[in-house]
Amino acid sequence: MGWKEYYQICPESYYCRLGRGLLKRILEEPSCSPLAKKESLRLVLGGFSPQSPTAAAFVRDCLRFRPQKKDEIYLLDLNRQPLEEVIFPFLPEEKRLFRFQADLVKMPFADESLDLIWLDGTTSFMDNRKLAGFGREAQRVLTKEGIAISFSHEPLICLFPSSRFSHSCRVNKTQVYSRSAQESLSLLKDLKLIYNFAGNQETALVFAKNDSPYAPFSGRPFTLEAVSENF
């Protein structure tokens, strides 16, 4: 499927460009987020390229936003190459880092054990069956206050790609799936949408368990650039 070639390029990091401010608001004290108040969190980054800065930045910011907290950080990818090649910052004894070669549709975690799952464009490489399966699996593994965040491109950008990343995907036959936010929501019906952020070209959807205490999202999407500014 061209994954070896895909891992030799550097895809855009939504996290570094638009997501760090959002993660800060979720994790850093003082905050109204229930996750920021917990003494220990289990945080997952699902899928990444070894050439992208996403994984190292995600780990570094988890340390920065929650110093002295006893958190566990999990990196998941369907292939081994990203898990072996990325270099991470030194972790203090309060933090523990784990790497798993695993499928997001069948994660190696107990029921109600994860506080945050971050998908940085990962859904663009999941077909409809896989994405629906992830929704069911996230409903299983998320804690009562846990959330799943998915960043993706708007369909127009995927249908008419011009970037080096999109070109390499075509050349190496790495399948990319183009969906609108509404199409993603229909496939992730096992989860509850609690926030919707829209950028110029990107969408960030924030989900929780259907029986979570979060109120369901309604109304127009928030501006993604606004929540990410002044990082």
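Caption draft 1: Just the environment of Ile26, in detail. Note that Ile26 resides in helix H2 (residues 14–27). Among the residues examined, Ile26 registers a relative accessible area of 10% and is labelled buried. With 10 residues separating them in the primary sequence, Ile26 and Ala36 have C-alpha atoms 6.3 Å apart. Beyond its immediate stretch of four places on either side in the chain, Ile26 contacts Ser33, Leu35, Ala36, Leu116, Ile147 and Ile149.

Caption draft 2: Looking closely at helix H3 (residues 54–65). Taking 1.5 Å per residue, 12 residues should reach 16 Å; H3 reaches 16 Å between its end C-alpha atoms and fits that length. With 10 of 12 residues buried, H3 is to be regarded as a mostly interior element. Those residues of H3 lying buried are Thr54, Ala55, Ala56, Ala57, Phe58, Val59, Asp61, Cys62, Leu63 and Phe65.

Caption draft 3: Broad picture of the side chain of Thr54. With respect to the secondary-structure elements, Thr54 resides in helix H3. Take Thr54: its relative accessible area is 3%, and that puts it in the buried class. Side chain to side chain, Thr54 and Ser52 meet in a polar contact 3.0 Å long. Of note is the side chain of Thr54, whose polar atom sits 3.4 Å from the side chain of Asp120.

Caption draft 4: Structural view of unusual backbone geometry. For Gln68, which is not glycine, the phi torsion reads 70° and is therefore positive. When you line up the elements, Gln68 lands in the loop between H3 and strand S2 (72–77). Positive phi, normally seen in glycine, also occurs at Glu112, with a value near 50°. Note on placement: Glu112 falls in the loop between strand S3 (96–101) and strand S4 (114–120).

Thresholds, definitions, all that
Each chain has its residues counted from 1, running along the sequence as written. Only residues with pLDDT of 70 or above have their local features reported here, since the model is predicted, and side-chain atom pairs are shown and tallied only from 80 upward, although totals for entire chains, interfaces and linings are computed over all residues. The basis for every side-chain value is the complete set of non-hydrogen atoms in the structure, without hydrogens or water. Helical segments are the DSSP runs of H or I of at least four residues, strand segments are the runs of E of at least two, and each set is numbered from the N terminus. The buried label applies to any residue whose accessible area, calculated with a 1.4 Å probe on protein chains only, is under 20% of its type's maximum; exposed applies above 50%, and partly exposed to all values in between. Two residues qualify as a contact provided that any one of their heavy atoms is within 4.5 Å of a heavy atom in the partner residue. By this rule the span expected of a helix is its residue count minus one, scaled by 1.5 Å. Any pair of nitrogen or oxygen atoms within 3.5 Å is treated as a polar contact; in protein, a donor-acceptor pairing is required on top of that, and neighbouring residues in sequence qualify only through side-chain atoms on both sides.

This is a description of form; function is not addressed.
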